[in-house]
Structures are given as C-alpha cells and as structure tokens.
Amino acid sequence: NAGVTQTPKFRILKIGQSMTLQCTQDMNHNYMYWYRQDPGMGLKLIYYSVGAGITDKGEVPNGYNVSRSTTEDFPLRLELAAPSQTSVYFCASYSGVLSGNTIYFGEGSWLTVV
Amino acid sequence: QKEVEQNSGPLSVPEGAIASLNCTYSDRGSQSFFWYRQYSGKSPELIMSIYSNGDKEDGRFTAQLNKASQYVSLLIRDSQPSDSATYLCALTLGAGGTSYGKLTFGQGTILTVHP
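Values in this document were obtained by computation on a predicted structure and should not be read as measured data. (Residues numbered from 1 in each chain as written. Chains lettered and ligands numbered in written order. Predicted model: local features only at pLDDT ≥ 70, side-chain atom pairs only at ≥ 80, totals over all residues. Heavy atoms only, no water.)

1. Focus: the sheet that holds strand β3 (residues 19-25) of chain A
Residue and element names in this part refer to chain A. Counted only if it meets this: We call two strands paired when DSSP finds no fewer than two bridges between them. Only DSSP runs of H or I covering at least 4 residues are called helices, and only runs of E covering at least 2 are called strands; the numbering of each starts at the N terminus. Structural elements are reduced to axes, namely lines fitted to C-alpha atoms, with helices fitted over the stretch in contact, and the angle between N-to-C directions of any two is expressed from 0 to 180 degrees.
Taken together, four strands build an open sheet; the order of strands is β1-β3-β8-β7 and the sheet is antiparallel. Of all strands in the sheet, those bounded by a partner on one side alone are β1 (4-7) and β7 (64-66). Averaged over all neighbouring strand pairs, the angle between strand axes comes to 20°, with direction disregarded. Note: β3 against strand β8 (residues 76-78), three bridges, orientation antiparallel. Bridging from a neighbouring strand, L21 pairs with L76 of β8.

Here's what the structure looks like:
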C-alpha cells in the first residue's frame, strides 16, 4: 500500500543545474499535483494534472516543467536551478469527489540550491 | 489581500485546554475547507474537512464554518503535547467541479501545547 511515492527525499543542487523530482501513485488517481513549501509558509501549487497527457500551471510555475505520460507518474523538472527554488516539494494525488474526496500527499522532497 | 489568512502564532496553550485556530478567506466561491496538521519535517495530514455552514465534530476536534463571514475555525479540546504542530487551513476555490481538487493554503499556525 504505497500511496504517493516521491524521490529523492533530499538533494543538493548547484546553481544552474537541472534535475527531476519523481512522483508515482498506485491508486489510479487522475488528479495529481506538485506543491512547494517555503519555511514558515503554507503550500503553493506549482503544476497540476487532471489526467494522462493533461497538465496546467498553478500559482508558482516559473522555473519548472512537468509531464504526465501515464496515470501513475507525474515528474517535476527543474531547469537551471536557482537559490529561490530551495524548498520542500510535495507531490499529491486526489481521489475525486465520488471516491472519498481525499488528497494524498507524498512524504516530501527537500531541495537545496547552492 | 491573501486568499487564505491565518495567524502564524505561535499559539501556546496548557495541556488539557482548548486550542482555537482561526482562518479567514477572501473568495466567496470557496466550496470545501480543510484543516491539516503538519509535524516538523513531515507532510500535511488531514484532520477535518467541512463543506457546509455550522459545526462538525470528530473526537477532540471541531471545525466551524461561517460562509457569510468567510471564516473557518478549528477547536481542539483537551489539548495534548502531541497536538503541538503547525495547523494549515486550506480550501478549494471555485464551484462545481472546476477546482479539480486544487488546494489553496494559508501560511499555517504553530501550536504548542505545554505540559
């Protein structure tokens, strides 16, 4: 019963490097999300997807890209990392209104850009 | 004006007391409201959800929603040191199915329950 799995849990990047945060869920949810959380703040939506092949921007999309080739996977790509992207990243999936109306969060990925 | 506002605290209460956490929001079209608890270094954990005006109770927790005044609150009765955490208020904007489950969060209130 894995739920939402994120990798890596911790990563240090140098300015200008790129990386991909992986997210996979085994609940067959159509809706998936990426949030970031800065220290002392709430979560902010980066990107979301309502199904395979469909993605859209959230509140803070600049500097990120996503893809959704399968229902299970929703990777987040950071291009040209900047110190402002130092944050904790949470992937989440949503069961839908008719299936419990529940959002499941992954355990988070701590990213530091130096 | 922020879409979801919470007092960042910290809120300190003695063990056994009632902790009262408040949240106001700006979009009158908000439909669903949630309280999450987040321990340091962990992901948010859903405590309560509320969708209609009034009170909703679950064990030691009571959520209160007043859409006319645009606020939602969380009461924790018989507070325990294990309740010490950050409490995040969240909501979905928009009516019908347009929100796609997207959550808008407040900044969180730090609660400390001291023995």
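Right, picking up where we left off after that structure.
2. Some details on the interface of chain B and chain A
Our working definition: Residues are treated as being in contact if the distance between any of their heavy atoms lies within 4.5 Å. Accessible surface is computed with a 1.4 Å probe, and the buried area is the amount of it that two parts give up when combined, taken over both parts together.
In this complex, chain B contributes 16 residues to the contact, which on the side of chain A involves 19 residues. When chain B packs against chain A, the two sides together hide about 1,500 Å² of surface, and 61% of this comes from carbon and sulfur. The largest per-residue losses of area from chain B upon contact with chain A belong to Y100, K102 and F105 of chain B, which jointly make up 33% of the total buried on that side. The dominant element in the side of chain B that touches chain A, judged by the number of residues it contributes, is strand β4 (residues 32-38) of chain B, at three residues.

3. Overview of the nonpolar core
Worth spelling out the cut-off: Side-chain atoms within 4.5 Å link the members of a nonpolar core, which is a set of buried Ala, Val, Leu, Ile, Met, Phe, Trp, Tyr and Cys residues. For the exposure calls, accessible area comes from a 1.4 Å probe over protein chains only, and a residue counts as buried if that area is under 20% of its type's maximum, exposed if over 50%, partly exposed in between.
Ranked by internal contacts, the top residues of the largest apolar core, which has 23 residues, are F33, W35, V72, L74, I76, Y87 and L111 of chain B. At the level of elements, β3 (19-25), β4, β5 (45-50), β7 (61-66), β8 (71-76), β9 (85-92) and β11 (109-114) of chain B are the ones that each hand at least two residues to this core. Counting residues in each nonpolar core, the second largest holds 19 residues, with C23, Y64, F74 and Y89 of chain A among its members.

4. Some thoughts on the packing of aromatic side chains
Just so we agree on the cut-off: Only Phe, Tyr and Trp rings are paired, with Trp represented by its six-membered ring, and only when their centres lie within 6.5 Å; those with planes under 30 degrees apart are stacked, over 60 edge-to-face, the remainder tilted. Throughout this description, the term charge over a ring refers to an Arg CZ or Lys NZ atom that lies within 6 Å of the ring centre and within 35 degrees of the ring normal.
Under the criterion given, the structure shown has 16 aromatic pairs over all chains. Their ring planes at 50° and their centres at 5.8 Å tell us that Y36 of chain B and F105 of chain B sit as a pair that is tilted. One end of the pair, Y36 of chain B, is in strand β4; the other, F105 of chain B, is in strand β10 (residues 104-105), and 69 residues separate them in sequence. Here Y36 of chain B falls in the buried class, since its relative accessible area comes to 1%. Following the ring pairs from residue to residue traces out a cluster consisting of F10, Y33, Y35, F90, F105 and W110 of chain A together with F34, Y36, Y51 and F105 of chain B. Its guanidinium or amino end placed over the ring of F74 of chain A, R68 of chain A lies 5.9 Å from that ring's centre, counting from NZ or CZ. One Lys or Arg, R60 of chain B, reaches over the ring of F61 of chain B and ends 5.4 Å from the middle of that ring.

5. Structural notes on the sheet that holds β8 of chain B
Residue and element names in this part refer to chain B. The strand order across the open sheet built from five strands is β1-β3-β8-β7-β6, with neighbouring strands paired in antiparallel fashion. The outermost strands of the open sheet, each flanked by one partner alone, are β1 (4-6) and β6 (54-58). Each strand of the sheet is rotated relative to its neighbour by a mean of 20°, with strand direction disregarded. The sheet contact formed by β7 and β8 spans six bridges and is antiparallel. Within the sheet, the bridge partner assigned to F61 lies in β8 and is I76.

6. Some remarks on the state of the cysteines
Put simply, the rule reads: The criterion for a disulfide is a pair of cysteine sulfur atoms lying within 2.5 Å.
Counting across every chain of the model gives two disulfides over all chains. Paired through a disulfide, C23 of chain A and C91 of chain A show a sulfur-sulfur distance of 1.8 Å. Negative torsions about the S-S bond denote left-handed disulfides, and the value of about -75° found for C23 of chain A with C91 of chain A makes this one left-handed. Here C91 of chain A lies in strand β9 (residues 87-94) and C23 of chain A lies in strand β3, a separation of 68 residues in the sequence. Considered together, C23 of chain A and C91 of chain A belong to a single accessibility category, that of buried residues. Here C23 of chain B engages in a disulfide with C89 of chain B; their sulfurs sit 2.1 Å apart. Given an S-S torsion of about -70°, the disulfide between C23 of chain B and C89 of chain B has left-handed geometry. In this pair, C23 of chain B sits in strand β3 while C89 of chain B sits in strand β9, placing the two residues 66 residues apart along the sequence. Each member of the pair C23 of chain B and C89 of chain B is classed as buried.

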